[in-house]
Amino acid sequence: MARIKIKTTAGDISVRLYDETPRHRDNFLHLAAKNYFDGTIFHRVIKDFMIQGGDPDSKNAPKGKTLGTGGPNYTIPSEFVYPKLFHKRGALSAARTGDEVNPQRESSGSQFYIVWGKTYKEQELKQMERQMAMQLEQRVFNEIAKECHEEIMTLRRNRNRVGLQALQERLIEETKAKCKEIGLPKFTDEQKEAYTSVGGTPFLDGQYTVFGEVESGFDVVEKIQNTATDRADRPLEDIIMNVEILPE
């Protein structure tokens, strides 16, 4: 079981890397062994959300420089181990580019974030489950409709409204069946307990790879996420890090 220490100018954060996400674990250890993170900063900090670092361009970056696009020349295939690994407070997760340019949700080669988030009421989680179910249904419907593109276009060219209505009803039925097969999104008891008592960012679950968790130094994470930032979410005073691999 691998552990690291993120030594920052605000204090130290000890993190355990999950064996369930070996690609992300091994990549992080590889970069840390090369001192890749040393001298970088937490370049994006959002209160009650998360703290983000790992951009090599942040080393000695002058004030006002736009950060967040740097990294090695590769990405890492996603390793979603959900719902076992989720975005509870203290989760270490991989940053990535958005779905529109990264539909496979591959992770940045080096950028990561540590979750802070907030606590939720059970009713809020239920509402979130409904929203996730609607998003799943929309995604599945779009995928099925894409496969019927030619049929849809033919019906439209022929102005066949009856045919289009019948096809839509068929797609809706296929969507319901597919979603039932997949299973509608539901938070586990462990997630509900964490999100209602400790906190986190449940809306990121299944979207970004979680590959570790803070074991000590929560007070440091809290201190960093409370720091004053500019309009680009960069701390006004640089919070510099060095990453050390701890002995097993």
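Here is what the cut-offs are and how they apply
Residues numbered from 1 in each chain as written. Predicted model: local features only at pLDDT ≥ 70, side-chain atom pairs only at ≥ 80, totals over all residues. Heavy atoms only, no water. Helix = DSSP H or I, 4+ residues; strand = E, 2+ residues; numbered from the N terminus. Expected span 1.5 Å × (residues − 1). Buried < 20%, exposed > 50% of the residue type's maximum accessible area, 1.4 Å probe, protein only. Contact = heavy atoms within 4.5 Å. Domains from an automatic or database assignment. 1 Å grid on protein atoms, 1.4 Å probe; cavity = no way out; pocket = protein on both sides within 12 Å on 5 of 7 lines; lining within 4 Å. Points joined across faces, edges and corners; volume = space filled by probe spheres on them. Nonpolar A, V, L, I, M, F, W, Y, C, P; charged D, E, K, R; others polar. Core = buried A, V, L, I, M, F, W, Y, C linked by side-chain atoms within 4.5 Å.

Quick look at helix α2 (residues 122-147)
Across its 26 residues, α2 extends 38 Å between first and last C-alpha, which sits within 8% of the 38 Å expected from 1.5 Å per residue. Of all the residues in α2, the buried ones are Leu125, Met128, Glu129, Met132, Ala133, Leu136, Val140, Ile144 and Ala145. Tucked into the core, α2 has its buried residues touching α3 (149-157), α4 (161-182) and α5 (189-197).

Describing the domain arrangement of the protein
The domain architecture assigned to the protein consists of domain 1 (3-118 + 199-246) and domain 2 (122-182). In this structure, domain 1 and domain 2 have C-alpha centres spaced 36 Å apart.

Let's talk about the layout of surface pockets
A probe matching the size of a water molecule, rolled over the atoms, marks out where space remains unfilled. Looking at the largest pocket, its volume works out to about 710 Å³. In terms of residue count, α2 provides more of the lining of the largest pocket than any other element does, six residues in total. The class makeup of the residues in the lining of the largest pocket is ten nonpolar, five polar and five charged. Looking at the second largest pocket, its volume works out to about 440 Å³. What lines the second largest pocket is a set of 24 residues, and nearest its centre among them are Gln52, Ala95, Arg96, Thr97 and Ser108. Of all elements in the fold, only β4 (50-53) and β7 (107-108) reach the threshold of two or more residues within the lining of the second largest pocket. The residue makeup of the lining of the second largest pocket, split by class, is nine nonpolar, twelve polar and three charged.

Some remarks on the nonpolar core
One broad rule of soluble globular proteins: the nonpolar side chains tend to lie buried together. Formed by 29 residues in total, the largest nonpolar core has its most connected members in Ile6, Ile13, Leu17, Phe37, Phe42, Phe112 and Ile224. Here this core gets four residues from one element, more than from any other, and that element is helix α1 (residues 22-33). Once residues lying within four places of it in the same chain are set aside, the contact partners of Ile13 are Ile4, Lys5, Ile6, Ile114, Val214, Ser216, Gly217, Val220, Val221 and Ile224.

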